[in-house]
Amino acid sequence: MKRSLVMGRSNAGKTLFCIQFARYLGVRDAEWLVERTDGTLERQRISLDTARQLWSGDGQRTRGLHSLMIELPRGKGVRSLWLTDTTGLREDIDESPDLRADMAQTLRAMLESQVILHVVDASAVGRALAEAGRDGSPTGAWGDLDEQLAAFGMAHAGYVLLANKMDLPEARAGLAYLRKRLDKRRVLPVSARCGTGFREVKQHVWRMA
Amino acid sequence: MAYGTWRIPRSRANQVIADYESGQLALSEALEALGGSSRPPLQEAETAPLSRERLRQLLTELDSLVGLEHVKDTVREIFAFLYMQQRRRDCGLRTEPVVLHMVFKGNPGTGKTTVARIMAKMFREAGLLEKGHLVEVERADLVGEYIGHTAQKTREQIRRAMGGVLFIDEAYSLARGGDKDFGREAIDCLVKHMEDHRNRFIAVIAGYEREMEWFLRTNPGLPSRFPIHLTFSDYDVSQLVEIAKRMAWERQYRLSPEAELKLRRLAAEAKARAAWGEPFSNARWVRNLMERAMRRHAVRLFEAVTVSREQMMRLEAADLEEGGAP
Ligand SMILES: Nc1nc2c(ncn2[C@@H]2O[C@H](COP(=O)(O)OP(=O)(O)OP(=O)(O)O)[C@@H](O)[C@H]2O)c(=O)[nH]1
Ligand SMILES: [Mg+2]
């Protein structure tokens, strides 16, 4: 089955986005498929509300691949595909080996996915830009890692960048930066918290499904 | 099906991910490799290719430093080599991986930090470093007090230096305390991160020539990892005077002819004492002397009712007096 992979830097809002986007697409009774790096596969029935409390928030780092089945209308029927939340990427030099294993799992999944949703915290980019001053770069919120991921994505039809947290004021400057940095058509502003911008994301996923 | 769109073969992709997992590649390097080498550019080119013209511009700041001819020549060689590597790559010829970690040997005040700072900027302009800043540390910033503390402190400094240059002053002191000393741990930690994060930062180890040579000799793993050596010689008297004049000029002061003569004499004396083993800090000695001169100049003119613009700018021989610091 086809897979939409939600990936990006840690704390960008991937988990919250998955939960809210699933809700938007009409998922009610959520059954999660959890794939861990040790090869185990587990089914968990956890409602979206509970998942939001359990899995998204400060200090709640996602580990492993968490997938939900979503359905999109296609012709007379529906197409189902996986919406997969992943371990956030980061480039600390003291990342532990098992965290590396989780991120390697994210990279492997990336190679297999038809849709890649690269979530970026646009408000953090905006804040970092304000701190860096004129001509500065948004250190910590957008870096090498994101550049390389975006570069990878440019050759992949299913790639879009989701500029998240657009409900926060600093996010506007962040969005402007991201639009300059890469092909504008590949940047979609969203707010995982408020659910804005989801229609465009749905269209993109639908096209690839 | 999606797989068909990748430029790099499946087996190579698996290898890249395995290398990342085992800590041999940084995450962004792995992503870069997965994208294939001829990746399509983002909308803006991030790093302009190294042009000869740009290279010349980059060298001007360095050239404007007093003396250091040998250092300037070596830096020119390094950048000429980097430029050639790029041209060879453009022609599809084989290129050597370049290791840019460096050893700076020389006495205090001979311009090691200044040169490191300029080179960091040059590497950034050449697209070899992301930020090009300089993080200057010494033993106390790296070595901790208990087991594990050192690795933690060293990692923290390396993290700060990511994208720039980590400049370790008096690096030989890391090997000072023998085998049980935590300094060893700092060296090991540094070396490990130099491998793990190839190309993400450049390490410069600096210190007195004799001590640095001993340091490299007693740590067999180091010489191959620090292939570039720059030797900073002491300034001669004329160069010390030139440095003083520039310092004055930058602060809108001038040296009177008598002051310049006196400075020449003081410098010659200080160097003569240095030859007998007294510590002498080269450009730092000049700076201390000049800063003291500016204070003495202010005191001298304090009581004067009218002071001309000319007087406000001119340092006299009487203002030049050696202070406490060597
Ligand atoms: N204001 C605002 N906050 C958001 C938005 N999306 C996520 N957040 C907050 O950002 C924080 C991180 O959200 P998560 O969804 O846990 O982030 P993640 O990307 O899954 O993080 P990792 O699993 O660690 O990689 C939480 O505090 C969220 O409430 C948004 O659109 N607006
Ligand atoms: Mg998460």
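As the structure is a computational prediction, the values presented were derived from the model and not from experiment.

(A) Geometry of the coordination of the magnesium ion (ligand 2). Residues and elements named next belong to chain A. Coordination sphere of the magnesium ion (ligand 2), protein contribution only: Thr15 (OG1) and Thr62 (OG1), at 2.0 Å. Pair noted here: Thr15 is in helix H1 (residues 14-24) and Thr62 is in the loop between helix H2 (48-55) and strand S4 (65-74), with a separation of 47 residues, a long-range link. Thr15 gets classed as buried once you look at its relative accessible area, which sits at 9%. By relative accessible area, Thr62 is classed as buried at 10%.

(B) Spotlight on the interface of chain A and chain B. Every contact between the two is made by 34 residues of chain A and, on the other side, 36 residues of chain B. Seen at the junction of chain A and chain B, the total is three salt bridges. The partner of Arg10 of chain B in a salt bridge is Glu112 of chain A, and the shortest N-O contact between them spans 2.7 Å. Along the contact surface separating chain A from chain B lie six residue pairs in polar contact (both at pLDDT 80 or more). Elements with a contribution of two residues or more to the side of chain A that touches chain B: helix H3 (97-112), helix H5 (144-154) and helix H6 (171-181) of chain A.

(C) Spotlight on the layout of surface pockets. Residue and element names in this part refer to chain B. Here the second largest pocket defines a volume of roughly 830 Å³. Forming the walls of the second largest pocket are 30 residues, and the residues nearest its centre are Gly109, Gly111, Thr114, Tyr235 and Ala283. Mapped onto the lining of the second largest pocket, the elements with two or more residues apiece are helix H5 (112-125), helix H10 (237-250) and helix H12 (282-300). The element contributing the most residues to the lining of the second largest pocket is H5, with five residues. Classifying every residue of the lining of the second largest pocket by side-chain character gives 11 nonpolar, nine polar and 10 charged.

(D) Broad picture of the nonpolar core. By size, the foremost hydrophobic cluster in this structure holds 57 residues, and its most contacted members are Val75, Phe104, Val115, Met119, Phe123, Met290 and Leu320 of chain B. Split by domain, the residues of this core number at least three in each of domain 2 (43-232) and domain 3 (237-319) of chain B. Counting 44 residues, the second largest nonpolar core, distinct from the first, contains Met7, Tyr159 and Ala163 of chain A together with Leu31 of chain B.

(E) Structural view of unusual backbone geometry. Residues and elements named next belong to chain B. Not every positive phi belongs to a glycine, and Glu170 is a case in point at roughly 50 degrees. Glu170 sits in the partly exposed class, given a relative accessible area of 40%. Backbone geometry at Asn282 places phi at a positive 50 degrees, although glycine is not the residue there. For Asn282, the position within the fold is in helix H12. Assessed through its relative accessible area of 0%, Asn282 is described here as buried.

(F) Region of the structure containing the sheet that holds strand S1 (residues 102-106) of chain B. All names here are of chain B. Strand order in the open sheet made by the five strands is S2-S3-S4-S1-S5, with parallel pairing throughout. Only two strands of the sheet have a single neighbouring strand rather than two, namely strand S2 (134-137) and strand S5 (228-232). Taken pair by pair, the neighbouring strands of this sheet meet at an average axis angle of 20 degrees, ignoring direction. Seen against the sheet, helix H9 (residues 209-218) touches S1, strand S4 (202-207) and S5 and runs at an angle of roughly 145 degrees to S1.

(G) Molecular detail of the packing of helix H1 (residues 10-21) of chain B against helix H2 (residues 27-34) of chain B. Residue and element names in this part refer to chain B. With their axes 9 Å apart at the nearest point, H1 and H2 run at an angle of 180 degrees to one another. The orientation of H1 with respect to H2, classified from their angle, is roughly antiparallel. Judged by residue contacts, Arg12, Ala13, Val16, Ile17 and Tyr20 of H1 engage Leu27, Ala30, Ala33 and Leu34 from H2. Taken together, the residues of the contact of H1 with H2 break down into eight nonpolar, no polar and one charged.

(H) Helix H8 (residues 183-196) of chain B, seen in detail. All names here are of chain B. Spanning 14 residues, H8 covers 20 Å between terminal C-alpha atoms, matching the ideal 20 Å at 1.5 Å per step. Regarding H8, the residues found buried are Gly183, Ala186, Ile187, Cys189, Leu190, Val191, His193, Met194 and Asp196. Looking at the buried side of H8, the elements it contacts are H2, helix H6 (139-142), helix H7 (149-161), strand S3 (165-168), S4 and H9.

(I) Quick look at the pattern of salt bridges. For the coordinates displayed, the defined rule picks out 36 salt bridges over all chains. Its salt-bridge partner being Glu125 of chain B, residue Arg124 of chain B comes within 2.6 Å of it at the nearest N-O pair. Looking at Arg124 of chain B, the relative accessible area reads 32%, which means it is partly exposed. For Arg159 of chain B, the salt bridge is made with Glu156 of chain B, and the minimal N-O distance between the two is 3.0 Å. Placement of both Arg159 of chain B and Glu156 of chain B in helix H7 is noted, with a separation of three residues, approximately one turn of the helix. Classification of Arg159 of chain B by relative accessible area gives partly exposed; the value is 43%. Classification of Glu156 of chain B by relative accessible area gives partly exposed; the value is 35%. A network of salt bridges, in which partner residues are shared, links Glu31, Arg43 and Arg45 of chain A.

(J) Structural view of the site of ligand 1. Residue and element names in this part refer to chain A. Around ligand 1, the surrounding shell holds 21 residues, and the nearest of these are Lys14, Thr15, Thr62, Lys165 and Asp167. The separation between an oxygen atom of ligand 1 and a polar main-chain atom of Ala12 is 3.2 Å. Looking at the shell around ligand 1 element by element, the count peaks at three residues for H1. Residue classes in the shell around ligand 1 are distributed as four nonpolar, 11 polar and six charged.

(K) Main features of the packing of aromatic side chains. Overall, the coordinates contain 11 aromatic pairs over all chains when judged by the stated rule. Look at Phe17 of chain A and Phe198 of chain A: their rings are 5.4 Å apart centre to centre, the planes differ by 80 degrees, and that puts the pair in the edge-to-face class. Note that Phe17 of chain A is positioned in helix H1 and Phe198 of chain A in helix H7 (residues 198-208), a separation of 181 residues in sequence. Taken individually, Phe17 of chain A and Phe198 of chain A each receive the classification buried, so the pair is uniform in this respect. Here Phe79 of chain B and Phe123 of chain B contribute two aromatic rings whose centre-to-centre distance is 5.2 Å and whose plane-to-plane angle is 25 degrees, an arrangement assigned as stacked.

The rules behind the values
- Residues numbered from 1 in each chain as written.
- Chains lettered and ligands numbered in written order.
- Predicted model: local features only at pLDDT ≥ 70, side-chain atom pairs only at ≥ 80, totals over all residues.
- Heavy atoms only, no water.
- Donors = N, O, S within 2.8 Å, 3.2 Å for Na, K, Ca; no water.
- Helix = DSSP H or I, 4+ residues; strand = E, 2+ residues; numbered from the N terminus.
- Buried < 20%, exposed > 50% of the residue type's maximum accessible area, 1.4 Å probe, protein only.
- Contact = heavy atoms within 4.5 Å.
- Salt bridge = Lys/Arg side-chain N within 4 Å of Asp/Glu carboxyl O.
- Polar contact = N/O pair within 3.5 Å; in protein donor to acceptor, adjacent residues only side chain to side chain.
- 1 Å grid on protein atoms, 1.4 Å probe; cavity = no way out; pocket = protein on both sides within 12 Å on 5 of 7 lines; lining within 4 Å.
- Points joined across faces, edges and corners; volume = space filled by probe spheres on them.
- Nonpolar A, V, L, I, M, F, W, Y, C, P; charged D, E, K, R; others polar.
- Core = buried A, V, L, I, M, F, W, Y, C linked by side-chain atoms within 4.5 Å.
- Domains from an automatic or database assignment.
- Pairing = 2+ DSSP bridges.
- Axes fitted to C-alpha atoms, helices over the stretch in contact; angles between N-to-C directions.
- Parallel < 35°, antiparallel > 145°, perpendicular 65-115°, else oblique.
- Expected span 1.5 Å × (residues − 1).
- Near = heavy atom within 4 Å.
- Phe/Tyr/Trp six-rings, centres within 6.5 Å; stacked < 30°, edge-to-face > 60°.

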